[in-house]
Amino acid sequence: MSEQTPSEAPEQPQAAPAPTPAEVFGGKEPAAVPAEPPAAGPAPTGEPAEAAVDYRALYEKAQAEARALADAAKAADAEAADYKNRLAEMEVSVLRHQEAARVNLPADLAARLRGETPEEIAADARKLAALVAPKPVTGKGGLEPDAPAEHDPEAITRRIRAISF
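Residues numbered from 1 in each chain as written. Predicted model: local features only at pLDDT ≥ 70, side-chain atom pairs only at ≥ 80, totals over all residues. Heavy atoms only, no water.

K.L.:
Summarise unusual backbone geometry; cite the residues concerned and give the values.
P.N.:
Unlike most non-glycine residues, N104 shows phi in positive territory, near 60 degrees. Residue position: N104 is located in the loop between α2 (55-102) and α3 (107-110). When its relative accessible area of 69% is taken as the criterion, N104 is described as exposed. (Helix = DSSP H or I, 4+ residues; strand = E, 2+ residues; numbered from the N terminus. Buried < 20%, exposed > 50% of the residue type's maximum accessible area, 1.4 Å probe, protein only.)

Shown next, in the form of structure tokens:
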């Protein structure tokens, strides 16, 4: 005869530990999980209600984190694109200044050079250098090249006398 006392209840199996988020999402990234939360099943009988895992809350938290990470990735991509554009502009600026120095253009004119490739910039620098190059000064006569040429002998004589006496 086996007698059971009312205080002795049949042994119930121990509750399994709470699953990790990777187990909840089936080993997938939270962003790859569909937007529908998993169906919440009834809590096993005999288990206290406080020990039940709130899968819906875990799922919503994971979705919020996934959205935040996706937003951060988009912001990082935009920032990287901005830096790439700035780098390209700086490289072209350096090419313009190098080419201007090569053809002896003033630094102020380097920014006026046009083109995106080194060949285009070099061609434009040569054209601009030809326009701004100092013209050779041809003398007009006498010891001073800038002096007007005088062909009047009386004017020349007056000028010489004014200097000598």
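K.L.:
Tell me about the UniProt feature "coiled-coil region" (unreviewed entry) in the protein chain, and please be specific about residues and values.
P.N.:
The feature "coiled-coil region" (unreviewed entry), as given by UniProt, occupies residues 59-93 in the numbering adopted here. Taken end to end, residues 59-93 has its terminal C-alpha atoms 51 Å apart, with 100% of it in helix and 0% in strand. (UniProt positions renumbered as here; feature names shortened; annotations may be inferred.)

K.L.:
Hey, could you go over the packing of α2 against helix α4 (residues 118-132) for me, with residue numbers and the actual values?
P.N.:
Interhelical geometry of α2 versus α4 gives an angle of 40 degrees and a closest axis separation of 9 Å. For the element pair α2 / α4, the angle class is oblique. As for the relative orientation of α2 and α4, their crossing is right-handed in sense. For the pair α2 and α4, contact is made by V92, L95, R96, E99 and R102 and by P118, I121, A122, A125 and R126, respectively. (Axes fitted to C-alpha atoms, helices over the stretch in contact; angles between N-to-C directions. Parallel < 35°, antiparallel > 145°, perpendicular 65-115°, else oblique. Left-handed = near helix turned anticlockwise from the far one by under 90°. Contact = heavy atoms within 4.5 Å.)

K.L.:
Before we move on, could you go through the nonpolar core and cite the residues and values that matter?
P.N.:
Within soluble globular proteins, side chains that are nonpolar tend to cluster in buried spots. The biggest cluster of nonpolar side chains holds 11 residues, and these are V92, A100, V103, L105, L109, A110, L113, I121, A125, L128 and A129. Only α2, α3 and α4 provide two or more residues apiece to this core. Looking at this core element by element, the count peaks at 4 residues for α4. (Core = buried A, V, L, I, M, F, W, Y, C linked by side-chain atoms within 4.5 Å.)

K.L.:
An account of α2 is requested, with residue identities and associated values reported.
P.N.:
Look at α2: 70 Å from first C-alpha to last across 48 residues, which is about the 70 Å you get at 1.5 Å a residue. When we look at burial in α2, the residues that qualify are Y59, A62, Q63, A66, V92, R96, E99 and A100. Against the buried residues of α2 lie α3 and α4. Backbone geometry just after α2 places N104 at a positive phi near 60 degrees. (Expected span 1.5 Å × (residues − 1).)

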